[in-house]
Amino acid sequence: MRNSKRIFKFLLWLTLLGGIFLVGCADDTISADPETDVDETDPASDTEEGDTLATILDRGYVIVGGNNQLPGFGYLNSDGEYEGFDIDFGKTLAAAIFDDPEAIEVRPLSAQERFTALQTGEVDVLIRNTTWTLDRDVALGTNFTPTTFYDGQGIMVRSDSGITSLEELEGARIGVETGTTTESNLADQFRKYGITYEQVLFDDSDAVVEAYESGNIDAWTTDKSGLVSRQATLANPDQHIILEENLSKEPLGPTVRHGDDQWFDIVKWVTLATIEAEELGITSENIEDFLGSEDPVVRRFMGEEGELGQMLGIDDEFAIRVITHVGNYQEIYDRNLGPDTIFNLDRGLNDLYTDGGILYSPPFR
Ligand SMILES: N[C@@H](CCC(=O)N[C@@H](CS)C(=O)NCC(=O)O)C(=O)O
């Protein structure tokens, strides 16, 4: 039996017992034997090659597990529509498959719910500030597609605290979401540097931010993208700073369940198409100029040569659809996080490898 199947059965078994899920915001280690009593009848754990695309085509839209608490990445805008960097990557899939970026339904998921929703087939893909770790990749039965946002865990403090480094947090009360790797990373780093601190646990990020704003804690920690996102919505954003230090590596990207390599490949190559387009200088604005190009690399990317889309089970023009409707990586980044947004987030590692970052697409051939 596949691992994903075993894990799903185990989670189901826990639920039936009225137990709590052991998947947390990040610390989702399965702490008991996944071989434990399993239910052989659940269909959702039997995802097979090709199932996901067939289901999506039949349904007519893609179901994306997302976030609704993270401005810039995934949130409901004032028109009641989901918007953000992660949401746009969901739209790239709808564009590639249906030539319609709006053919998605976003299901907002808490940190605790997200992996179960993926395993049970409630969502086709999880695109929600989710970190790629070995434990999740293997024991939770998920496959991580290319990282769309290289992040690291950070700490926010009030500027008037005078604190500028980890060492100066000695004795501080630090807020963190319960059951997360955020929590374990914090413990790891402070142990490494011999800093003592008081950990204050919260159930969700709204509660942490509330406690921080009201002065009940001295600092709070999560992915730096999360800190930047929430800082922008604080009453006085410039009265807070994010410390330079990174407590961890947090590569965030779309995730699919084990068992359907075709779908894994589709999500992988649709995501990569945004990066390849940026490398080739193709944008939603200028894509028509590249039609009929004599460059074989461009021709293959645009589906004018070869059968790359067909190999994936989708249209050969999938990359054209993605770039036309949603844009290349830079357009997606700038629209949601760039200089014209309240976040004005430097691309850093998320720049192309040719511009000092680490983004790089394998060849489209
Ligand atoms: N990248 C980390 C953290 C992701 C995460 O879920 N962050 C929390 C803050 S720790 C969040 O987005 N919370 C919003 C919510 O509670 O809905 C992970 O994959 O575990």
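Residues numbered from 1 in each chain as written. Predicted model: local features only at pLDDT ≥ 70, side-chain atom pairs only at ≥ 80, totals over all residues. Heavy atoms only, no water.

J.: Help me understand the packing of aromatic side chains, please; the structure alone is not making it clear to me.
T.: Both the distance between ring centres and the angle between the ring planes are used here to describe each pair of aromatic rings. Counted according to the given criterion, the structure contains 14 aromatic pairs. Taking the centre distance of 5.8 Å and the plane angle of 70° together, the rings of Phe73 and Phe85 count as edge-to-face. Pair noted here: Phe73 is in the loop between strand 2 (69-70) and strand 3 (74-76) and Phe85 is in helix 3 (residues 85-98), with a separation of 12 residues, a long-range link. Here Phe73 and Phe85 have matching classes, each one buried. A relative accessible area of 0% means that Phe85 is categorised as buried. A network of ring pairs unites the aromatic residues Phe73, Phe85, Phe89, Phe149, Tyr329 and Tyr333 as a single cluster. (Phe/Tyr/Trp six-rings, centres within 6.5 Å; stacked < 30°, edge-to-face > 60°. Helix = DSSP H or I, 4+ residues; strand = E, 2+ residues; numbered from the N terminus. Buried < 20%, exposed > 50% of the residue type's maximum accessible area, 1.4 Å probe, protein only.)

J.: In this structure, what is going on with the sheet that holds strand 3? I would like to understand it.
T.: Where strands meet in a sheet, backbone hydrogen bonds hold them as pairs that are either parallel or antiparallel. The 3 strands are arranged 2-3-4 in an open sheet whose pairing can be described as antiparallel. Because the sheet does not close on itself, it has two edges, and the strands there are strand 2 and strand 4 (82-83). One ladder, built from 2 bridges, connects strand 3 with strand 4; its direction is antiparallel. Considered in strand 4, the bridge of Leu76 is made with Tyr82. (Pairing = 2+ DSSP bridges.)

J.: Can you help me understand the layout of surface pockets in this one?
T.: The space that makes up the largest pocket amounts to roughly 590 Å³. Along the walls of the largest pocket sit 26 residues, with Tyr150, Asp151, Gly152, Lys224 and Asn246 positioned nearest its centre. Of all the elements in the fold, those that place two or more residues in the lining of the largest pocket are strand 8 (149-151), helix 8 (224-231) and strand 14 (250-252). For the lining of the largest pocket, the residue count by class is 10 nonpolar, 9 polar and 7 charged. Each of domain 1 (51-150 + 252-355) and domain 2 (153-248) accounts for three or more of the residues forming the lining of the largest pocket. (1 Å grid on protein atoms, 1.4 Å probe; cavity = no way out; pocket = protein on both sides within 12 Å on 5 of 7 lines; lining within 4 Å. Points joined across faces, edges and corners; volume = space filled by probe spheres on them. Nonpolar A, V, L, I, M, F, W, Y, C, P; charged D, E, K, R; others polar. Domains from an automatic or database assignment.)

J.: What exactly am I supposed to notice about helix 6 (residues 181-192) here?
T.: One full turn of an α-helix is made of 3.6 residues, so residues set three or four places apart face in the same direction. In this model helix 6 runs 16 Å from its N-terminal to its C-terminal C-alpha over 12 residues, within 8% of the 16 Å that 1.5 Å per residue would give. Among the residues of helix 6, Thr181, Thr182, Glu183, Asn185, Leu186, Gln189 and Phe190 are the ones counted as buried. Taken together, the buried residues of helix 6 touch strand 9 (153-158), strand 10 (173-177), strand 11 (198-202), strand 12 (219-223) and strand 14. Of the residues trailing helix 6, Gly194 is marked for its positive phi of about 65°. (Expected span 1.5 Å × (residues − 1). Contact = heavy atoms within 4.5 Å.)

J.: What am I meant to see in the sheet that holds strand 13 (residues 240-242) here?
T.: If you trace the 5 strands from one edge of the open sheet to the other, you get 11-10-12-9-13, paired in mixed fashion. Looking at which strands have only one partner, the edges of the open sheet turn out to be strand 11 and strand 13. Looking at each pair of strands side by side, their axes are set apart by 30° on average, direction ignored. Pairing between strand 10 and strand 12: 2 bridges, direction parallel. By the bridge assignment, Gly175 is partnered in strand 12 with Trp220. In this fold helix 6 packs onto strand 9, strand 10, strand 11 and strand 12, with an angle of close to 80° to the strand it touches most, strand 9. (Axes fitted to C-alpha atoms, helices over the stretch in contact; angles between N-to-C directions.)

J.: Looking at this structure, how should I read the packing of helix 3 against helix 9 (residues 261-280)?
T.: Relative placement of two packed helices is described by the angle separating their axes and the distance separating the axes. Helix 9 packs onto helix 3 with a crossing angle of 105° between their chain directions and a minimal axis gap of 10 Å. Taken together, the axes of helix 3 and helix 9 are roughly perpendicular relative to one another. Contact with helix 3, carried on its side by Phe89, Thr92, Leu93, Ala96 and Ile97, involves Trp263, Val267, Val270, Thr271 and Thr274 of helix 9 and no other residues of that element. When grouped by side-chain class, the residues that make up the contact of helix 3 with helix 9 number 7 nonpolar, 3 polar and no charged. (Parallel < 35°, antiparallel > 145°, perpendicular 65-115°, else oblique.)

J.: How should I be thinking about the pattern of salt bridges in this particular structure?
T.: Pairing is possible between side chains that carry opposite charge, provided their charged atoms lie close to one another. According to the stated counting rule, one finds 13 salt bridges in the structure shown. The salt bridge involving Arg107 is made with Glu122; its shortest N-O contact spans 3.9 Å. Of the two residues, Arg107 sits in strand 5 (residues 104-108) while Glu122 sits in the loop between helix 4 (114-119) and strand 6 (125-126), which places them 15 residues apart along the sequence. Across the pair Arg347 and Glu278 runs a salt bridge whose closest N-O atoms are separated by 3.0 Å. On the criterion of sequence distance, the pair formed by Arg347 in the segment after helix 14 (329-337) and Glu278 in helix 9 is long-range, its members being 69 residues apart. In this structure, Arg347 and Glu278 share a single accessibility class: buried. (Salt bridge = Lys/Arg side-chain N within 4 Å of Asp/Glu carboxyl O.)

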